Amino acid sequence: MITISLCMIVKNEEKVLARCLDSVRDLMDEIIIVDTGSNDSTKKIAEKYTDKIYDFKWNGSFADARNYSFSKATAQYIYCADADEVIDDENREKFALLKKGLLPEIDIVQMYYCNQMEYNTIYNYDRELRPKLYKRVRNFTWVNPIHEAVALQPMIYDSDIEIIHRPTGFHASRDLIAFEKMYTDGLYMDARLHTLYAKELLIAGEKSNLLRSIPFFEKSLSDVTRSADSLMEAYCVLTRAYRIKGDSVNFFKYALRAVTTEGEGCAEVCLELALYFRSVKDEEEEQIWLHAALSAPCILNLETEKTARKMLDDLKV
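Since the structure is predicted, the reported quantities are computational estimates derived from the model, not experimental observations.

Asks: What should I look at first to understand the packing of aromatic side chains in this one?
Replies: All chains considered together, the criterion is met by 16 aromatic pairs. With 6.0 Å between their ring centres and 15° between their planes, tyrosine 242 and tyrosine 254 make a pair best called stacked. You can see tyrosine 242 sitting in helix α8 (residues 228–245) and its partner tyrosine 254 sitting in helix α9 (residues 248–260), a full twelve residues away along the chain. For the residue pair tyrosine 242 and tyrosine 254, the accessibility class agrees, reading buried in each case. One aromatic cluster is present, built from ring pairs that chain together Phe179, Tyr183, Tyr197, Phe216 and Phe217. Taking NZ or CZ as reference, arginine 130 lies 3.8 Å from the ring centre of tyrosine 113, over its face.

This is how it looks when you write it as C-alpha cells:
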C-alpha cells in the first residue's frame with residue numbers, strides 16, 4: 001500500500017474546509033495545509049485535522065504556493081486538493097482500493113473533476129480527467145535494449161475516481177487579478193494560460209477586468225508566435241471589451257477581423273455583434289447575427305449558444 005500526503009493551499013476557506021477534509025482524512029497519511037493569508041477561522045479548523053500548518057506570504061503565484069506545499073510532503077505520493085472539493089462515499093471506496101493496489105511505476109494518477117458547469121466556472125465541461133495524485137520522488141531508469149535512453153515521460157494512470165467541485169462562491173476576481181499581475185510583471189502567458197484568461201474574462205469578467213485586459217490582447221494580436229486559435233480568443237475579448245466601453249470604431253475593427261478570418265469564425269464574436277445591434281434597436285441585424293452565432297463554433301464559452309437562443313426567443317415575443 002502506498003502512503004499519501006495531502007497538500008492544500010488555502011485562504012479564507014472556513015465554509016468548506018472541514019467538508020473537504022472530512023471526505024479525505026482517512027485516505028491520507030499526512031495532511032499539509034499551507035495558508036496564504038486567511039483572516040477567518042480557516043487555520044483553527046485546519047488544526048482539528050493536522051499540526052502541519054504553514055504560512056506562506058502570498059506573492060501572486062499559485063505555482064509558488066503549490067511548490068511550497070509539496071516541499072513539506074514526506075509520503076510516497078502527493079494528493080493535491082482544493083478546499084471546495086468533495087469525494088463521496090462511492091469514490092472514497094475507489095480511492096481506498098487505488099491506494100492498496102497502485103503499481104509503483106505509476107507517476108501520476110488522473111481523476112475526474114466534476115460539476116463544473118453548475119457553478120459558472122471557466123471550464124466548458126462537467127467532467128474531465130485531471131492529474132491529482134503525484135509520485136513525490138521520481139526514480140529515473142534506463143529503457144530500451146539498444147539506443148538506450150532515460151525514460152523521461154511520466155507513467156500516467158487514468159482512474160475512474162470522481163471528485164465533486166462544490167464551491168460556495170466564485171473565484172473569478174482573484175484569478176483575474178493573478179492574470180493581470182502576470183501581464184503587468186512582464187511574464188509571458190503560454191497558449192494554455194492565454195485561453196484560460198480569455199475564458200475567465202468572457203464568462204465572469206467585470207467591465208473593469210475587460211478594460212484592463214485590452215493592452216494584453218492587442219499585444220497578443222501582434223505576437224507572431226501566437227496561433228490562430230489564440231488570435232481568435234483575442235478577438236473575442238476585444239470585441240466584448242470595446243462594446244462595453246462604447247468604442248464602436250475598435251469594436252467593429254476587431255469584430256470584422258474575426259468574421260473575415262479564414263475558418264468557421266466563432267459564436268462569441270457573432271453574439272457580440274448581435275448585442276451591439278440590440279443596443280441600437282436594429283432587430284433585423286440582431287437576428288442575422290444571432291443565427292450566425294448558432295451556426296458558428298463556440299471557442300471559449302459554451303453558454304453562448306444558450307444566450308443566443310434566448311435572445312432569439314425574446315425577439316419572437
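Asks: I would appreciate a short explanation of unusual backbone geometry in the present structure.
Replies: The bulk of non-glycine residues show a negative phi, and the bulk of peptide bonds are trans. Non-glycine residue asparagine 12 carries a positive phi angle of around 50°. You can see asparagine 12 is positioned in the loop between β1 (4–10) and α1 (17–24). The backbone of lysine 281 shows a phi angle near 60°, a positive value even though the residue is not glycine. Within the element layout of this structure, lysine 281 appears in the loop between α10 (267–279) and α11 (283–295).

Asks: How do you make sense of the packing of helix α7 (residues 207–221) against α8 when you look at a structure like this?
Replies: Packed helix pairs are characterised by how far apart their axes lie and by the angle those axes make with each other. Interhelical geometry of α7 versus α8 gives an angle of 140° and a closest axis separation of 9 Å. By the criterion of interaxial angle, the relationship of α7 to α8 is oblique. Between α7 and α8 lies a crossing of left-handed hand. In contact with Lys207, Leu210, Leu211, Ser213, Ile214, Phe217, Glu218, Ser220 and Leu221 of α7, α8 contributes Leu231, Ala234, Tyr235, Val237, Leu238, Arg240, Ala241, Tyr242, Ile244 and Lys245. The class makeup of the residues in the contact of α7 with α8 is 13 nonpolar, two polar and four charged.

Asks: What am I meant to see in a nonpolar patch on the surface here?
Replies: On the surface, Phe140, Trp142, Val150 and Leu152 cluster together into a nonpolar patch covering about 470 Å² of accessible area. By the secondary structure assignment, phenylalanine 140 is in the loop between β7 (127–135) and β8 (142–143). A relative accessible area of 53% places phenylalanine 140 in the exposed class.

Rules used in this analysis
- Residues numbered from 1 in each chain as written.
- Predicted model: local features only at pLDDT ≥ 70, side-chain atom pairs only at ≥ 80, totals over all residues.
- Heavy atoms only, no water.
- Phe/Tyr/Trp six-rings, centres within 6.5 Å; stacked < 30°, edge-to-face > 60°.
- Helix = DSSP H or I, 4+ residues; strand = E, 2+ residues; numbered from the N terminus.
- Buried < 20%, exposed > 50% of the residue type's maximum accessible area, 1.4 Å probe, protein only.
- Lys NZ or Arg CZ within 6 Å of the ring centre and 35° of its normal.
- Axes fitted to C-alpha atoms, helices over the stretch in contact; angles between N-to-C directions.
- Parallel < 35°, antiparallel > 145°, perpendicular 65-115°, else oblique.
- Left-handed = near helix turned anticlockwise from the far one by under 90°.
- Contact = heavy atoms within 4.5 Å.
- Nonpolar A, V, L, I, M, F, W, Y, C, P; charged D, E, K, R; others polar.
- Patch = residues over 30% accessible without salt bridge, like charges linked within 9 Å, V, L, I, M, F, W, Y side chains within 5 Å.
- Areas by Shrake-Rupley, 256 points an atom, 1.4 Å probe, with all protein chains shown as cover.
- Salt bridge = Lys/Arg side-chain N within 4 Å of Asp/Glu carboxyl O.

Structural measurements only, silent on function.
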